[in-house]
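Descriptive analysis of the structure
Spelled out, the chains give:
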2 protein chains.
Amino acid sequence: MMSKARPIDGSQQSDRCLKELQQVITHHNLTPRLDIIYIGSNSSSKCYIDHKRKKADKIGIQTALHSFPAEATPEEVYSQIAACNADEEVDGIIVQLPVPEKFETQKLINAVKPEKDVDGLHPVNFGHLLSGSEPLFYPPTPKGIMDLLEETEVEFQGAVAAIVGMGRLVGKPLSQMLLAEEATVLCLHEETVELAEMTRQADILVTGAGVAGLIGSKEIKEGAVVIDAGINRLDCKLVGDVNYEEAEKKASWITPVPGGVGPMTVACLLSNTVEACQRKL
Amino acid sequence: MMSKARPIDGSQQSDRCLKELQQVITHHNLTPRLDIIYIGSNSSSKCYIDHKRKKADKIGIQTALHSFPAEATPEEVYSQIAACNADEEVDGIIVQLPVPEKFETQKLINAVKPEKDVDGLHPVNFGHLLSGSEPLFYPPTPKGIMDLLEETEVEFQGAVAAIVGMGRLVGKPLSQMLLAEEATVLCLHEETVELAEMTRQADILVTGAGVAGLIGSKEIKEGAVVIDAGINRLDCKLVGDVNYEEAEKKASWITPVPGGVGPMTVACLLSNTVEACQRKL
């Protein structure tokens, strides 16, 4: 007897979170500010940035965009990051990824002061994640995913959680957050042989590989919770890694794309920014 | 047709490594020094420390032991760590774990300067591990395990590597080092349900759970490489997590206990100390 998976509504949960943040800002008379470093002209990045700024503006978070052409020197960018680090008005700093090749992602991340690292990617924050201790900030996407998973009331302890895609923004930090909840964690990626055999063991399946249609019926265990953090543009349409029509027949819960993980990422980023602002007080 | 697994001789490899270190020290006229912070009176710890000091002394690394009774105040210990951080003669600092409960392990680790953190446990070093970038020091035990695995010439890319035990000293850092080599990594621990079903998928099986006899015949895939980083005292005898007699009938390679991972840990710790000393020049 198959029944359809219940959708996990990320848009609704994000709206709720943003409304709460707005109340905190108003109540405490906060003036949070998020500065964004943007290098080059990646059109998806431009779109994400606009979206973050619009949501920020709506709830009373000021943003500043520092744009650099791809031809800028690393020194120019570092000096802007240093200025943001020093500026007491700035609560959070993010470097919009990806950056053009000549800029080294890790070095840019290292340059952001850990106390303003609202993307949670600085080695000090990542290090606390791997140690199993509390970082100053959890990276927004895995934090959003954990929030969505909690919504489903899935039991973490002893559950098998498979993560497809071991990138810096989703898979790596998420693996540590799921381990902290005592899940058994399978770290899968493009070199994984027999992917379906691995993912079919998972009570919780999270994918952030960036490959449309990677996860279909045969990759999903009956009754699994499926979280799709993939972002792919297919014929001008935004799709995830999961074949939704197939997946909803096997999963118990599933996130749509769009309207699943994406909105939660923005909410968690802005939540980190407000937290950074409150810590100053 | 079953044949016996080949033993991976950690003692021999460690001796080779220590001899090389001694040559480097002599050749460059180095005066490396390792300072050890020891709190309380754990008898295994005392034994490990004696062993490290003996090996260090033998190859020309000076050591200093800073012992504190369990009744010492955290302030006393922190002030000793600060003194070691500041002392230019000190190249490496380790806090011998475990520490008595009132001392917070993570805070002690955080107090060691990352440049002298030859145990590779400081959040900055751990953070680089999780980022997939190079830490200043790799933690000695997982570094030793990777060295032993390389000795077997097992292919990492696409291999399934299962790690049993997700502690700070072995499992967590090792999971990142195996991922960096593009293995599929299964993170298993005491909450893992159906452990044997998981471990039986592993081409590379590493255990550091601290449970004697945890891994026997039914937990091992035919032909797997088995690394035993468990340390258990059974009737005054040192044993690992693996039932060696059962395991050697199924594995292709296997580390004995003692004489496997243990000696490599010491060699890698001293190698880190010499590296720290060379960086000063």
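Just so you know, these numbers come straight off a predicted model, no measurement behind them.

To continue, consider the overall build of chain A. Summing up its helical and strand segments, chain A has ten helices and eleven strands in all. In summary, chain A has a C-alpha radius of gyration of 19 Å against a globular reference of 19 Å for 281 residues, a match within 12%. Taken along the three principal axes of its C-alpha coordinates, chain A extends 60 × 45 × 40 Å. Taken across its 281 residues, chain A has 56% of its residues classed as buried. When the accessible surface of chain A is summed, it comes to about 12,400 Å², and 50% of that surface belongs to carbon and sulfur atoms. Counting 27 positive and 40 negative side-chain charges, chain A places the averaged centre of each group 4 Å from the other.

Each partner contributes residues to the interface: chain B has 33 residues there, and chain A has 33 residues. A buried area of about 2,700 Å², summed over both sides, lies between chain B and chain A, and 61% of it is on carbon and sulfur atoms. In terms of surface lost to chain A, no three residues of chain B exceed B:Leu130, B:Lys172 and B:Glu191, which account for 21% of the buried area on that side. Remark: the boundary between chain B and chain A carries zero salt bridges. The interface formed by chain B and chain A includes eleven residue pairs in polar contact (both at pLDDT 80 or more). Sorting the residues of the side of chain B that touches chain A by element identifies α4 (105-111), α5 (123-131), α7 (171-180) and β6 (184-188) of chain B as the ones contributing at least two each. The greatest single-element share of the side of chain B that touches chain A, amounting to eight residues, is contributed by α5(B). Residues that form the side of chain B that touches chain A fall into these classes: 15 nonpolar, 14 polar and four charged. Two elements, strand β6 (residues 184-188) of chain A and β6(B), share three bridges in a ladder whose sense is antiparallel. Residue A:Cys187 lies in a different strand from β6(B), and its bridge partner there is B:Val185.

The next subject is the relation of the copies chain B and chain A. Turning chain B through 180 degrees and shifting it by 0.0 Å along the axis lays it on chain A, with an RMSD of 0.0 Å. Read as a symmetry element, the transformation amounts to a two-fold axis. Among all residues of chain B, the minimum C-alpha distance to the rotation axis is found for B:Gly127, at 1.7 Å. Most of the interface of chain B is mirrored in chain A, where 100% of its interface residues are also at the interface.

Moving on, we get to the domain arrangement of chain A. All names here are of chain A. The domains assigned to chain A are domain 1 (31-114) and domain 2 (139-262). A separation of 28 Å is found between the C-alpha centroids of domain 1 and domain 2. Every contact between the two is made by six residues of domain 1 and, on the other side, four residues of domain 2. At the boundary of domain 1 and domain 2, one finds one residue pair in polar contact (both at pLDDT 80 or more). Within the residue set of the side of domain 1 that touches domain 2, elements represented by two or more residues are α2 (43-59) and α4 (105-111). In terms of residue count, α4 provides more of the side of domain 1 that touches domain 2 than any other element does, three residues in total. For the side of domain 1 that touches domain 2, the per-class residue count stands at three nonpolar, three polar and no charged.

Our next topic: the side chain of B:Lys116. Residues and elements named next belong to chain B. Checked against the element boundaries, lysine 116 lands in the loop between α4 and α5. Engagement of the side chain of lysine 116 in a polar contact is seen with the backbone oxygen of cysteine 84, the distance being 2.9 Å. Here lysine 116 is in contact with Cys84, Asn85, Ala86, Asp87, Val90, Asp91, Gly92, Ile93 and Phe137, once residues within four sequence places are set aside.

A covalent bond between the sulfur atoms of two cysteines is what we call a disulfide. Overall, the coordinates contain zero disulfides over all chains when judged by the stated rule. The structure places no disulfide on A:Cys268, whose sulfur is separated from the nearest cysteine sulfur, that of A:Cys17, by 5.9 Å.

Along helix α7 (residues 171-180) of chain A, nine of the ten residues are buried, which leaves the element largely enclosed by surrounding structure. A:Glu182 lies just past α7(A) and shows a positive phi near 70 degrees.

Let us now look at the sheet that holds strand β4 (residues 92-95) of chain A. All names here are of chain A. Within the open sheet, the three strands sit side by side as β3-β2-β4. Their pairing is parallel. Each of the sheet's edge strands pairs with one partner strand only, and the pair in question is β3 (62-68) and β4. On average, adjacent strands in this sheet sit at an angle of 15 degrees to one another, irrespective of strand direction. Bridge count between strand β2 (residues 33-39) and β4: four bridges; the pairing is parallel. Across the sheet, leucine 34 pairs through a bridge with glycine 92, a residue of β4.

Considering every residue of chain A, the mean pLDDT works out to 96; 99% of them sit at 70 or more. We note a pTM of 0.97 for the whole complex and an ipTM of 0.96 for its interfaces.

With that settled, the discussion passes to helix α1 (residues 10-27) of chain A. Residue and element names in this part refer to chain A. The end-to-end C-alpha distance of α1 is 26 Å, a good match for the 26 Å that 18 residues give at a rise of 1.5 Å each. When α1 is considered as a whole, its buried residues turn out to be Gly10, Gln13, Ser14, Cys17, Leu18, Leu21 and Ile25. For α1, the arc enclosing every buried residue in end-on projection is 135 degrees, short of the 170-degree limit, so these residues lie on one face. Of the exposed residues in α1, those oriented more than 90 degrees away from the buried face are Lys19, Gln23, Thr26 and His27. Along its buried surface, α1 packs onto α2, α6 (140-152) and α10 (261-280). The backbone nitrogen of serine 11 has a side-chain oxygen 3.1 Å away, supplied by the residue at the start of α1, namely aspartate 9. One or two positions beyond α1, positive phi appears at asparagine 29, with a value near 55 degrees.

In the structure shown here, the tally under the stated rule is 20 salt bridges over all chains. Taking the shortest distance from any N to any O, the salt bridge between A:Lys143 and A:Asp147 comes out at 3.1 Å. Highlighted residues: A:Lys143 and A:Asp147, both in helix α6, separated by four residues, approximately one helical turn. B:Glu104 is the salt-bridge partner of B:Lys107, the closest N and O atoms lying 3.4 Å from each other.

The rules behind each value
- Residues numbered from 1 in each chain as written.
- Chains lettered and ligands numbered in written order.
- Predicted model: local features only at pLDDT ≥ 70, side-chain atom pairs only at ≥ 80, totals over all residues.
- Heavy atoms only, no water.
- Helix = DSSP H or I, 4+ residues; strand = E, 2+ residues; numbered from the N terminus.
- Rg over C-alpha atoms; globule rule 2.2 N^0.38 Å.
- Buried < 20%, exposed > 50% of the residue type's maximum accessible area, 1.4 Å probe, protein only.
- Areas by Shrake-Rupley, 256 points an atom, 1.4 Å probe, with all protein chains shown as cover.
- Lys, Arg positive; Asp, Glu negative; His and termini not counted.
- Charge placed at Lys NZ, Arg CZ, Asp CG, Glu CD.
- Contact = heavy atoms within 4.5 Å.
- Buried area = accessible area lost by both parts, 1.4 Å probe.
- Salt bridge = Lys/Arg side-chain N within 4 Å of Asp/Glu carboxyl O.
- Polar contact = N/O pair within 3.5 Å; in protein donor to acceptor, adjacent residues only side chain to side chain.
- Nonpolar A, V, L, I, M, F, W, Y, C, P; charged D, E, K, R; others polar.
- Pairing = 2+ DSSP bridges.
- Least-squares fit on C-alpha atoms with pLDDT ≥ 70 in both.
- Domains from an automatic or database assignment.
- Disulfide = S-S within 2.5 Å.
- Axes fitted to C-alpha atoms, helices over the stretch in contact; angles between N-to-C directions.
- pLDDT = per-residue confidence, 0-100.
- Expected span 1.5 Å × (residues − 1).
- Arc of directions from axis to C-beta.

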